[in-house]
Amino acid sequence: MPTPTQPSPPVAEDGPAPPVDGLRVRARRISQEVRGAGRVLRDVSFDVAPGRLTVIAGSSGAGKTVLLQTLAGLRPAAAGEVLHDGARPGTPGPEFGFVPQEDIIHRELPLRRTLRYAAGLRMPPGTSAEAVAADVDRVLETLGLTHRAATPVRALSGGERKRASIAVELLTRPRVLFLDEPTSGLDPVTAAALLRTLRALAEDGTTVVLTTHVLADLLRCDQVVFLAPGGQVAYAGEPAALRDAFGVGTVEEVYEAVADGGRVEDTTPEETSRAEPASTPVRGSRVGALRQWALLTRRGTALMLHSRLSVAVLAGSPVMIVAMFAVLFRAGAFDPASPDPGSTAMIMFWIAFGAFFFGLTYGLLQICAELPVLRREWLAGLRIGPYIASKLTTTLPVLAVADALLLVVLRALDRLPPAGWDTYGSLFVTSVLASAAALALGLLASAAVSEPGQATLMLPLLCFPQVLFSGAFVPVPRMTGAGQAVSWAMTNRWAFEALGGGVGLERLWRTGDSPLGPPLLASYGDSFGHPATRGWLILAGFALLFMTLTWVVLVRRCREGAVRSRDGR
């Protein structure tokens, strides 16, 4: 079994895999600008030969990450050009690998299973399960992770998780691999082991380009590109000549010399400046939308069941709502002979709010925690539409079960009236549509924030207006004009009114003996006089609107994260 410090070459079922035909990367007088920071790269020129390990170094703010993104073709140069085998880089294909600083794999599932899902999204349509399994085993062996294949990703060490992210990129045997500070935060031994792994990949033919802050990395590569403050190349050449070029004895002193304005001209190795004929980039066919949706749905279900937080939210929210009903309301509020109009209205409201709360809490944590994964998979061909649809198909059935259990328990506790299937069918449909609209709202909020902590802060901000402007505590006819306008945007209002109409509150309040009925009915006006289908259509419209906005936000964020805009996803 290979160890992390001694990676073995890729192995196929019929013998060793053929060496990778590395990609030649050329930078020609490229300059780059970043919004808010101005020009960060100036007239950068150097070559990266196929099958070599190149390190981009420099002080903080020198433009290392921007240069890496520009070389990868993710950020178009403001001036100059980048060439991949003599051609301008196009849409990233299977020959392209990019590992950002963040983890680009989910942490809940075992490593092998995580890689199989990633392979299903990246490998060509029609790839057999046996071929996927063989490629997963190949990259695990290449990166010395075979003995950790059954370990959940969250239990891996920092170095192992970084190699796991690299494993995702190696599934399609890329010709070039770009990595943004892969050794950052690792201890010296682990960082050295990772560099040896990358060295082995380069020796197998893959062109490897990485940024680094680790001084030792500079002496373990084939070529160093050292950026000066302001984004100019201070040195580009072999690492052995780096210190002599600046007349210093240590790599630390190189940083000092560059900070003081030191620069070595024309250091690009001569062998990397030879002309190369332009080649046609390899382009793989993209996995179809239906297959992406099915695969993402399976993965989402597995992630939900493996996440302790998700399981806690799934189990805890219905229990909390049911306990609240048992404590707040007495039984028999819907007794036709002596109804309690105030309690019946509040019961309908809290059913509506319970469905809303289920959907919102389930949706808020769905996207923000996996945004780096989504961005990288989007670059690899993932469509945003199937991604959002998979969130609905993974979570909505769970919400439907929670809504059904809520209605069953409330009827068993005599907090709802004895009625037929038509009444409870109407209540169930309203509850599910209310949950769906809230889930879509939660997905929209989750797509807009950057981390789970921010999503948690959104919960009260989204809940309070739904309570205040639903029409339950202050009936809509009693609101100001501005309040009525706000209430139109509250999904809870339409769920509340559809539930009240479905259970027949207007009829119950007219025929009951309670003196509170007619005055309360007058204050609500015709809120419960419309068929439940009206509320259903409005709730479905809100769900569609929120999903569309989620799609817009995610496309924008993926484009911003990948920097380069591309149509069609």
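Predicted, not measured: the structure shown is a model, and the values here were computed from it.

As for the overall build of the protein
Consideration 1: In terms of regular secondary structure, the protein is built from 19 helices and eleven strands.
Consideration 2: By the burial criterion, 55% of the 569 residues in the protein qualify as buried.
Consideration 3: Across the protein, the fraction of contacts at a sequence separation of at least 24, relative to all contacts at a separation of at least 6, is 77%.
Consideration 4: Counting every atom, the protein has about 23400 Å² of accessible surface; 59% of that belongs to carbon and sulfur.

What about the pattern of salt bridges?
Consideration 1: Taken as a whole and assessed by the stated rule, the structure comprises 20 salt bridges.
Consideration 2: Between R112 and D137 there is a salt bridge whose closest N-O contact spans 3.3 Å. Of this pair, R112 sits in helix α2 (residues 111-122) while D137 sits in helix α3 (residues 129-142), and the two are 25 residues apart along the sequence.
Consideration 3: Residue E169 is joined to R376 by a salt bridge in which the shortest nitrogen-to-oxygen separation is 2.6 Å.

Focus: the side chain of D180
Consideration 1: With respect to the helices, strands and loops of the structure, D180 is situated in strand β8 (residues 176-180).
Consideration 2: The buried charged residue D180 lacks any salt bridge partner; its closest oppositely charged side chain belongs to K64, at an N-O distance of 7.7 Å.
Consideration 3: At a separation of 3.1 Å, a polar atom in the side chain of D180 contacts the side chain of T65.
Consideration 4: In this structure the side chain of D180 is engaged in a polar contact, spanning 2.7 Å, whose partner is the side chain of T211.

Structural notes on the packing of aromatic side chains
Consideration 1: This model, assessed by the stated rule, comprises 16 aromatic pairs.
Consideration 2: With centroids separated by 6.4 Å and ring planes inclined at 5°, the aromatic side chains of F96 and F98 adopt a geometry described as stacked.
Consideration 3: Given a relative accessible area of 5%, F96 falls into the buried group.
Consideration 4: Seen from their ring centres, F349 and F473 are 5.1 Å apart, and the 75° between their planes marks the pair as edge-to-face.

Some thoughts on unusual backbone geometry
Consideration 1: Even without a glycine there, the phi angle at R173 is positive, about 50°.
Consideration 2: Along the chain, R173 turns up in the loop between α4 (158-170) and β8.
Consideration 3: Phi at D414 is positive, roughly 65°, even though this residue is not glycine.
Consideration 4: Looking at D414, the relative accessible area reads 32%, which means it is partly exposed.

Some remarks on helix α16 (residues 491-503)
Consideration 1: Between its terminal C-alpha atoms α16 stretches 18 Å, which fits the 18 Å expected from 13 residues at 1.5 Å a residue.
Consideration 2: In terms of residue burial, α16 counts as a mostly covered element, since twelve of its 13 residues are buried.
Consideration 3: Backbone geometry just after α16 places G504 at a positive phi near 80°.

A word on the sheet that holds strand β5 (residues 53-58)
Consideration 1: Pairing within the open sheet is mixed, and its six strands lie in the order β7-β8-β9-β5-β10-β11. If you trace the sheet from one side to the other, it starts and ends with β7 (96-99) and β11 (232-237), each paired once. For this sheet, the mean inter-axis angle between neighbouring strands, taken without regard to orientation, is 15°.
Consideration 2: Helix-sheet contacts for α4 involve β7 and β8, and the interaxial angle to β7 is about 160°.
Consideration 3: Lying on the sheet, helix α7 (residues 251-259) is in contact with β5, β10 (223-228) and β11; it crosses β10 at an angle near 40°.

A word on the packing of helix α12 (residues 384-412) against helix α13 (residues 421-448)
Consideration 1: α13 packs onto α12 with a crossing angle of 140° between their chain directions and a minimal axis gap of 9 Å. The angle between the axes of α12 and α13 places the two elements in the oblique class. Crossing of α12 against α13: the hand is right-handed. From α12, K391, L392, T395, L396, L399, A400, D403, A404, L407 and R411 reach across to α13, where they touch Y424, L427, F428, S431, V432, S435, A436, L439 and L443.

Thoughts on a negative patch on the surface
Consideration 1: A cluster of like negative charges, contributed by E252, E253, E256 and D260, occupies part of the molecular surface.
Consideration 2: Tracing the chain through its elements places E252 in helix α7.
Consideration 3: Note on E252: relative accessible area 44%, which makes it partly exposed.

What to know about the confidence of the model for the protein
Consideration 1: Chain-level statistics for the protein give a pLDDT mean of 83 and a share of 88% at 70 or above.
Consideration 2: Per-element averaging of pLDDT across the protein places strand β1 (residues 11-12) at the bottom with 39 and α13 at the top with 95.
Consideration 3: Low confidence marks residues 1-16, where pLDDT is under 50. Its contacts with residues over four positions away, or in another chain, come to 30 contacts.
Consideration 4: Predicted confidence is poor over residues 268-283, with pLDDT under 50, and the contacts of this stretch with residues over four places away or in other chains come to 37 contacts.

Quick notes on the rules
- Residues numbered from 1 in each chain as written.
- Predicted model: local features only at pLDDT ≥ 70, side-chain atom pairs only at ≥ 80, totals over all residues.
- Heavy atoms only, no water.
- Helix = DSSP H or I, 4+ residues; strand = E, 2+ residues; numbered from the N terminus.
- Buried < 20%, exposed > 50% of the residue type's maximum accessible area, 1.4 Å probe, protein only.
- Contact = heavy atoms within 4.5 Å.
- Areas by Shrake-Rupley, 256 points an atom, 1.4 Å probe, with all protein chains shown as cover.
- Salt bridge = Lys/Arg side-chain N within 4 Å of Asp/Glu carboxyl O.
- Lys, Arg positive; Asp, Glu negative; His and termini not counted.
- Polar contact = N/O pair within 3.5 Å; in protein donor to acceptor, adjacent residues only side chain to side chain.
- Phe/Tyr/Trp six-rings, centres within 6.5 Å; stacked < 30°, edge-to-face > 60°.
- Expected span 1.5 Å × (residues − 1).
- Pairing = 2+ DSSP bridges.
- Axes fitted to C-alpha atoms, helices over the stretch in contact; angles between N-to-C directions.
- Parallel < 35°, antiparallel > 145°, perpendicular 65-115°, else oblique.
- Left-handed = near helix turned anticlockwise from the far one by under 90°.
- Patch = residues over 30% accessible without salt bridge, like charges linked within 9 Å, V, L, I, M, F, W, Y side chains within 5 Å.
- Charge placed at Lys NZ, Arg CZ, Asp CG, Glu CD.
- pLDDT = per-residue confidence, 0-100.

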